[in-house]
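# Structure at a glance
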Amino acid sequence: LTPRPPRSTLLDIRRQRQMCIRDRMQAAEFVTNRHTKKPDKKLRDLMLRKCFENGLLLLSCGDSTIRFCPPLIATSEQIEVGLEIFSDVLKTVAG
């Protein structure tokens with residue numbers, strides 16, 4: 001097991017509303033503290049690695065953000081599976 005980063009939190013989930021991607025582009029930003037909003041690059045990188053190990057490929061963005069950019073042909077069920085993987089990894093890694 002990889003040790004958990006101390007008190008890292010998910011700061012925000014953002015959504016890009018663009019017709020060409022059918023409102024599917026999302027972003028999750030990780031910070032060490034919600035008040036200072038200091039980016040948590042280590043947690044972001046750990047999340048990317050663990051999601052990949054569980055079959056979910058995501059993109060990094062900025063200092064501490066993960067982008068969700070599913071293909072236009074992805075079904076709702078496939079997107080749900082990806083979100084479940086992300087949620088399970090987040091619970092495991094960040095507590």
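What this report covers is the structure whose coordinates are included nearby. Because the structure is predicted, anything quoted here is derived from the model rather than measured. (Residues numbered from 1 in each chain as written. Predicted model: local features only at pLDDT ≥ 70, side-chain atom pairs only at ≥ 80, totals over all residues. Heavy atoms only, no water.)

A cluster of acidic residues, Glu77, Glu80, Glu84 and Asp88, forms a negative patch on the protein surface. Following the sequence through the fold, Glu77 ends up in helix α2 (residues 76-94). For Glu77, a relative accessible area of 56% puts it in the exposed group. (Patch = residues over 30% accessible without salt bridge, like charges linked within 9 Å, V, L, I, M, F, W, Y side chains within 5 Å. Areas by Shrake-Rupley, 256 points an atom, 1.4 Å probe, with all protein chains shown as cover. Salt bridge = Lys/Arg side-chain N within 4 Å of Asp/Glu carboxyl O. Lys, Arg positive; Asp, Glu negative; His and termini not counted. Charge placed at Lys NZ, Arg CZ, Asp CG, Glu CD. Helix = DSSP H or I, 4+ residues; strand = E, 2+ residues; numbered from the N terminus. Buried < 20%, exposed > 50% of the residue type's maximum accessible area, 1.4 Å probe, protein only.)

If charged atoms from side chains of opposite charge come close, those side chains can pair. Applying the stated criterion to the full structure yields four salt bridges. For the salt bridge of Asp45 with Lys41, the shortest nitrogen-to-oxygen distance reads 3.0 Å. Remark: Lys41 and Asp45 occur in helix α1 (residues 41-53); sequence separation between them is four residues, near one turn of the helix. Since its relative accessible area comes to 46%, Lys41 is described here as partly exposed. Between Arg44 and Asp45 there is a salt bridge whose closest N-O contact spans 2.8 Å. For Asp45, a relative accessible area of 31% gives the class partly exposed.

This next bit is on the packing of α1 against α2. Between α1 and α2, the least distance of the axes is 10 Å, while the angle of their chain directions is 130°. Put simply, α1 runs oblique to α2. Here α1 and α2 pass one another in a crossing that is right-handed. Together, Leu43, Leu46, Met47, Lys50 and Cys51 of α1 and Ile85, Phe86, Val89, Leu90, Val93 and Ala94 of α2 make up the contact between the two elements. Taken together, the residues that form the contact of α1 with α2 break down as ten nonpolar, no polar and one charged. (Axes fitted to C-alpha atoms, helices over the stretch in contact; angles between N-to-C directions. Parallel < 35°, antiparallel > 145°, perpendicular 65-115°, else oblique. Left-handed = near helix turned anticlockwise from the far one by under 90°. Contact = heavy atoms within 4.5 Å. Nonpolar A, V, L, I, M, F, W, Y, C, P; charged D, E, K, R; others polar.)

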